[in-house]
Amino acid sequence: MDSPSPRKTLLLLWGIAVIVLLGGVLLARQERQVRCERNHEALHHFTASVQAQLQRLEDLFQDHLARIGREATPNSKETGRMAQNITGILQVSLLLPSRAGLQDFHAIVSASPDGPTPLPIFSFGTCPAALADSFVFLDESRLFSRDSGWVDEPGKPLMFHLKRPSAEIAVIAVHRPVVAEAIQEWLRKWAAASFEPVRVAGGPDQFRAGGEILAAVGLAETGAPDLLLPLRSRFGSFELASWDTRKTLVYYQPATLAVTVVLAVIIALLGGVVFLAQRRDHASAAQRVSFVNGVSHELRTPLTNILLNIDLAMELAEDDPEESHGRLALVRIEARRLGRLIENVLTFSRTEEGKMAVNSRACIPSEIISSVIDQFIPSFRRRALTIQRVDENTHSTCLCDADALAQIVGNLLSNVEKYVPGGVVTVSTRLVAGELILCISDQGPGIPPEAAELIFRPFERIHSTVNEGASGSGLGLAIARDLAQRLGGTLSLQLTTIGSGSCFELRIPAPSAS
Amino acid sequence: MKILFADDDPIMLDTLQVCVTTEGFDIVTASDGEEAFAQWNRHHPALLCLDIMMPKLDGYEVCRRVRTIDPQVPILFLSAKSEEIDIVVGLQLGADDFIRKPFGKHELIARTLDQHIAKLRKRIETNPDRPLIETVRGVGYRFRVSEVGPK
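The sections below set out a description of the structure shown in this document.

Calculation criteria
- Residues numbered from 1 in each chain as written.
- Chains lettered and ligands numbered in written order.
- Predicted model: local features only at pLDDT ≥ 70, side-chain atom pairs only at ≥ 80, totals over all residues.
- Heavy atoms only, no water.
- Helix = DSSP H or I, 4+ residues; strand = E, 2+ residues; numbered from the N terminus.
- Contact = heavy atoms within 4.5 Å.
- Patch = residues over 30% accessible without salt bridge, like charges linked within 9 Å, V, L, I, M, F, W, Y side chains within 5 Å.
- Areas by Shrake-Rupley, 256 points an atom, 1.4 Å probe, with all protein chains shown as cover.
- Salt bridge = Lys/Arg side-chain N within 4 Å of Asp/Glu carboxyl O.
- Lys, Arg positive; Asp, Glu negative; His and termini not counted.
- Charge placed at Lys NZ, Arg CZ, Asp CG, Glu CD.
- Buried < 20%, exposed > 50% of the residue type's maximum accessible area, 1.4 Å probe, protein only.
- Buried area = accessible area lost by both parts, 1.4 Å probe.
- Polar contact = N/O pair within 3.5 Å; in protein donor to acceptor, adjacent residues only side chain to side chain.
- Axes fitted to C-alpha atoms, helices over the stretch in contact; angles between N-to-C directions.
- Parallel < 35°, antiparallel > 145°, perpendicular 65-115°, else oblique.
- Left-handed = near helix turned anticlockwise from the far one by under 90°.
- Nonpolar A, V, L, I, M, F, W, Y, C, P; charged D, E, K, R; others polar.
- Disulfide = S-S within 2.5 Å.
- Pairing = 2+ DSSP bridges.
- Right-handed = clockwise from strand over helix to strand, strands pointing away.

**Description of the side chain of R337 of chain A**
In this structure, R337 of chain A sits in helix 8 (residues 321-353). Ignoring sequence-local partners within four residues, the contact set of R337 of chain A consists of T301, P302 and N305 of chain A together with D9 of chain B.

Below is the structure:
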């Protein structure tokens, strides 16, 4: 099964990291409602105004009742007319004192058409329980103790009583809901203008009577008001409700947030690590495929030359022995080429497995180098390449890994063979203070400075218009440098300019064997 | 009959040259793609044998350029590239055959002769009265040449 691409893995893990981060932020997020207390000065002022108005209205109504009570006469049309002009009067009664107490005269002077029926019947003294709902029980001592006042009993009409100079007592029954409605209606009109200062101060505020809103500002909150100012009067209850503004404070739990961020960072880093590892694996796999293809390609060309030249040598053996011999020499050259390639592959394999070892022994560097150069002379000749040797005191016996040195020189010359179309190749060697210095310079197309290090990496081959399409495994220079380093030396590309050739310098320790 | 061989390996070029000249063909060589195209323009060989991986221009590009000018001339690829896709690309670009390295002399001659025989057959079919003046030497392949003659 194919492993997922590094990019997909990276995106997946980073996506998970983002989801974890978002989830953690949501978990850590906390909200808290904060009440911002408002200035209620305008509201208190309005409440005082309403209270004053209620008192004024009640006083006014009481004045009207007192005037009727004073002026009422039994069976008088005038009294009836007066009573009808006042809102909410159910009936006006005059009670005369007698020996037996207050005589129920029932001088009914007026009755409101809206009043309850039957009309209330006054009763004094003990009230039979069965008749309690039908009678308004009046306490004589209370009636006589004050000049005027209210009798307010639950479930019974509201009564106003007034002691007249003639010792008669006027009792006026009032239909409370009618009066309350009138007062409420008046306050609604009054509040339309008087509520303005509250409105200017901002809301939400409500001025309401029972469930009915008489004036309001702002959108009332659904919850209970933060400030409730009740106003009670004989004719109904009013209230001013006010809500403070609320702000939502958002904060994050530091512990949850920290854990989330750490977790997300770990996942993101993990994604990065997995991405790099996968990319390295993919690149490594691609390089190995490329390596196999490159090696396979490199093997096929010399193998073809060997096959063709053996065929030719066999055909020409009798007719032209000299040419046949020349063909066999080519077979030898190509076989050596194959051998170098196979040696490189094996060296690379040993290096990868960590089995590469240095075997220093006594040898003469110039002889080793010369033997390698000799192998290249025929193919160099075909490429119009001339080899120039410059030797300085390298004929003495030194301690060195001869095979590794031969392989390095072979790979450097093979590089020249592949990429240099012609000219002079200078191979100069010298021994300086126990160090062998070898320089191979050519007159080829050169190597751009930016690729000076790239060419020493395995499988890397620089591309240019000159060598594009040329074959190669991409191992030769990498193996040469690796061997040089294993020998305790260096292999580097000296500074060159494009078009003026390349110069490789090898420096390895070569102490005298004596 | 003149054959163009293009390969960046000088030993390969030298060997191919000897192989086909001993069989009676003339040869023109090129060591890179640009030279191959120039040689084709100059000599108009009867057959092109191209390597694929060459400096300057690869064999595919040379084939493409030649095919835009001459759709008839036989083109063979002689390449170490051996994947199926390499062969398919070569054939799609108009090559007539693809010889995978490594190959021996007999395979090379047989394949180049196939191209030559096909060309002769076409010439006979288009002009049957014209005498067949082309001769091809080569032990082992002469009987195949006789197949293309007038019956």
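**What to know about a negative patch on the surface**
All names here are of chain A. Taken together, the side chains of E318, D319, D320 and E322 make up a negatively charged region of the molecular surface. Among the secondary structure elements, D319 is positioned in helix 7 (residues 254-319). With a relative accessible area of 69%, D319 lands in the exposed category.

**Points about the interface of chain B and chain A**
With 24 residues of chain B at the interface, the matching set in chain A holds 28 residues. In this assembly, chain B packs against chain A so that about 2400 Å² is buried in total across both faces, 60% of it on carbon and sulfur atoms. In this assembly, chain B and chain A are joined by 3 salt bridges. The partner of R337 of chain A in a salt bridge is D9 of chain B, and the shortest N-O contact between them spans 2.6 Å. Across the chain B-chain A interface, the total number found is 8 residue pairs in polar contact (both at pLDDT 80 or more). Of all the secondary structure elements, the ones that give two or more residues to the side of chain B that touches chain A are helix 1 (10-21) and helix 5 (105-126) of chain B. Considering every element that reaches the side of chain B that touches chain A, the biggest residue donor is helix 1 of chain B, with 8 residues.

**Quick word on the packing of helix 8 of chain A against helix 10 (residues 402-419) of chain A**
Residue and element names in this part refer to chain A. Contact geometry of helix 8 with helix 10 gives a least axis separation of 11 Å together with a crossing angle of 120°. Here helix 10 runs oblique to helix 8, going by the angle between their axes. Taken as a pair, helix 8 and helix 10 cross one another with a handedness that is left-handed. Judged by residue contacts, R340, E343, N344 and T347 of helix 8 engage Q407, G410, N411 and E417 from helix 10. Residue composition of the contact of helix 8 with helix 10, grouped by class: no nonpolar, 5 polar and 3 charged.

**As for the state of the cysteines**
Tallied over the full model, the rule gives 0 disulfides over all chains. Its sulfur unpaired, C400 of chain A is 4.7 Å from the next cysteine sulfur, which belongs to C363 of chain A.

**Considerations on the pairing of strand 2 (residues 26-30) of chain B**
Along any regular strand the residues' side chains alternate between the sheet's two faces. Residues and elements named next belong to chain B. Where strand 1 (residues 2-6) lies against strand 2, 5 bridges are found, and the strand directions are parallel. Residue pairing across strands places L4 opposite V28, the latter belonging to strand 2. Of the crossover connections in this fold, the one passing from strand 1 over helix 1 to the parallel strand 2 is right-handed.

**Comments concerning the environment of A224 of chain A**
All names here are of chain A. For A224, the location among the structural elements is in the loop between strand 10 (212-217) and strand 11 (227-233). For A224, a relative accessible area of 63% puts it in the exposed group. A sequence separation of 19 residues divides A224 from W243, and the C-alpha atoms of the two residues are 8.1 Å apart.

**A look at a nonpolar patch on the surface**
Residues and elements named next belong to chain A. A cluster of nonpolar side chains, L21, V261, V265 and L269, forms an exposed patch at the surface whose accessible area comes to about 320 Å². Considering each element in turn, the nonpolar patch owes the most residues, 3 residues, to helix 7. Tracing the backbone through its elements, the reader meets V261 in helix 7. Take V261: its relative accessible area is 38%, and that puts it in the partly exposed class.

**Focus: the sheet that holds strand 5 (residues 97-100) of chain B**
Residues and elements named next belong to chain B. Strands sit in the order 2-1-3-4-5 across an open sheet of 5 strands; the sheet is parallel. Each end of this open sheet is capped by a strand with a single partner; those strands are strand 2 and strand 5. Across the sheet, the mean angle separating the axes of adjacent strands is 20° when strand polarity is ignored. Where helix 2 (residues 33-43) meets the sheet, it contacts strand 1, strand 2 and strand 3 (47-50), and its direction lies at approximately 145° from that of strand 2.

**With respect to the sheet that holds strand 20 (residues 503-509) of chain A**
Residue and element names in this part refer to chain A. With respect to topology, 5 strands assemble into an open sheet ordered 15-17-18-20-19, the strand pairing being mixed. Strands with a single pairing partner mark the edges of an open sheet, and in this sheet they are strand 15 (385-392) and strand 19 (490-493). The average angle at which neighbouring strand axes cross in this sheet is 15°, direction not considered. Sheet topology note: the strand 15/strand 17 (residues 423-432) ladder contains 8 bridges and is parallel. Within strand 17, the position partnered with T386 by the bridge is V424. Together, strand 15, strand 17 and strand 18 (435-441) form the strand contacts of helix 9 (residues 365-382), whose direction differs from that of strand 15 by roughly 170°. Taken strand by strand, helix 11 (residues 476-486) contacts strand 19 and strand 20, and its axis lies near 140° from that of strand 19.

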